[in-house]
Amino acid sequence: MKVSSKFTVAVHTLLFIHRFKKEYKVTSDFIAGSTGVNPVIIRRTLISLKSAGLVNVAPGTGGAELSAEPEDFTLFDIYKASGSMEENIFGFHEQPNPACPVGKNIHKILDTHLEDAQKAFEQSLSTVKFSELVKELEEAEKDNS
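Since the model is a prediction, treat every value here as computed from it, not as a measurement.

From N to C terminus, the protein includes six helices and two strands. Reading the protein from its N terminus to its C terminus gives the helix and strand order α-α-α-β-β-α-α-α. Relative to the 2.2 N^0.38 estimate, which gives 15 Å for 145 residues, the radius of gyration of the protein is 19 Å and therefore markedly larger than a compact globule would have. Projected onto the principal axes, the alpha-carbon positions of the protein cover approximately 65 × 30 × 30 Å. Buried residues in the protein amount to 36% of all 145 residues. Pairs at least 24 residues apart make up 62% of the contacts formed inside the protein by residues separated by at least 6 positions. Looking at the protein as shown, the accessible area adds up to about 9200 Å², and 53% of this sits on carbon and sulfur atoms.

The first and last C-alpha atoms of helix α6 (residues 130–144) sit 21 Å apart over 15 residues, in line with the 21 Å expected at 1.5 Å per residue. If you follow the buried residues of α6, they end up packed against α1 (5–20), β2 (63–66) and α4 (75–81).

Among the nonpolar cores identified, the biggest contains 31 residues, and Leu14, Ile17, Leu54, Ile78 and Phe130 are the most heavily contacted of them. Among the elements of the structure, α1, α2 (28–35), α3 (39–51), β2, α4 and α6 are those that each provide at least two residues to this core. With nine residues, α1 is the single largest residue contributor to this core. When sequence neighbours within four positions are dropped, the list of residues in contact with Phe130 reads Val11, Leu14, Leu15, His18, Leu66, Pro70, Phe73, Thr74 and Ile78.

Quick look at the pairing of β2 now. As paired strands, strand β1 (residues 55–58) and β2 are joined by four bridges and run antiparallel to one another. Note on β2: the bridge partner recorded for Val57 is Ala64. Counting the residues that bridge the hairpin from β1 to β2 gives four residues, and of these Gly60 lies at a positive phi of roughly 70 degrees.

Contact geometry of α1 with α6 gives a least axis separation of 11 Å together with a crossing angle of 65 degrees. When the interaxial angle is binned, α1 and α6 end up roughly perpendicular. At the point where α1 passes α6, the crossing takes the right-handed sense. Seen from α1, the contacting residues are Val11, Leu14, Leu15, His18 and Arg19; seen from α6, they are Phe130, Leu133, Val134, Leu137 and Glu141. Taken together, the residues of the contact of α1 with α6 sort by class into seven nonpolar, one polar and two charged.

So, about the pattern of salt bridges. Throughout the structure, instances matching the rule amount to three salt bridges. Here Lys80 ties to Asp77 by a salt bridge, and the two come within 3.8 Å at their closest N and O atoms. Here Lys80 and its partner Asp77 are both found in helix α4, three residues apart, which amounts to about one turn of the helix. Note on Asp77: relative accessible area 24%, which makes it partly exposed. Each of the salt bridges in this network shares a partner with another, and the network as a whole consists of Arg19, Glu23 and Glu141.

For the rest of this paragraph, the subject is a negative patch on the surface. Judged by side-chain charge, Glu132, Glu136, Glu138, Glu139 and Asp143 come together as a negatively charged surface patch. Judged by relative accessible area, which is 41%, Glu138 ranks as partly exposed.

Procedures and definitions
- Residues numbered from 1 in each chain as written.
- Predicted model: local features only at pLDDT ≥ 70, side-chain atom pairs only at ≥ 80, totals over all residues.
- Heavy atoms only, no water.
- Helix = DSSP H or I, 4+ residues; strand = E, 2+ residues; numbered from the N terminus.
- Rg over C-alpha atoms; globule rule 2.2 N^0.38 Å.
- Buried < 20%, exposed > 50% of the residue type's maximum accessible area, 1.4 Å probe, protein only.
- Contact = heavy atoms within 4.5 Å.
- Areas by Shrake-Rupley, 256 points an atom, 1.4 Å probe, with all protein chains shown as cover.
- Expected span 1.5 Å × (residues − 1).
- Core = buried A, V, L, I, M, F, W, Y, C linked by side-chain atoms within 4.5 Å.
- Pairing = 2+ DSSP bridges.
- Axes fitted to C-alpha atoms, helices over the stretch in contact; angles between N-to-C directions.
- Parallel < 35°, antiparallel > 145°, perpendicular 65-115°, else oblique.
- Left-handed = near helix turned anticlockwise from the far one by under 90°.
- Nonpolar A, V, L, I, M, F, W, Y, C, P; charged D, E, K, R; others polar.
- Salt bridge = Lys/Arg side-chain N within 4 Å of Asp/Glu carboxyl O.
- Patch = residues over 30% accessible without salt bridge, like charges linked within 9 Å, V, L, I, M, F, W, Y side chains within 5 Å.
- Lys, Arg positive; Asp, Glu negative; His and termini not counted.
- Charge placed at Lys NZ, Arg CZ, Asp CG, Glu CD.

Below, the structure written as structure tokens:
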């Protein structure tokens, strides 16, 4: 099972914006330094998050800020905004052999179970508010000091 890294990059980006909003102008280059991801990818991530109403981005090097309160959105909202819903979390081999009794029936047998698992995963994400991650980050920072 693999969820695209677009999701974790989006979560990292939002936490970074929230964490540094009062101290610095939060630019894609600045975020890239924390994520280890190319600034172009961060800019694309910001565009997706902006389209979902989660961030505001000032033109040029104006920086980014949250446009929603941390308690008003969930990990599922970020998952959707990152474009990760466009991909199934379970990959499936494309051409099972139709002459084989297993290959012929594998989708019929397995697809519903995989769809149910994906729905459960997405439902689980919808129970975690972004504000919970903010608190966890603050606690982690206290533990590190």
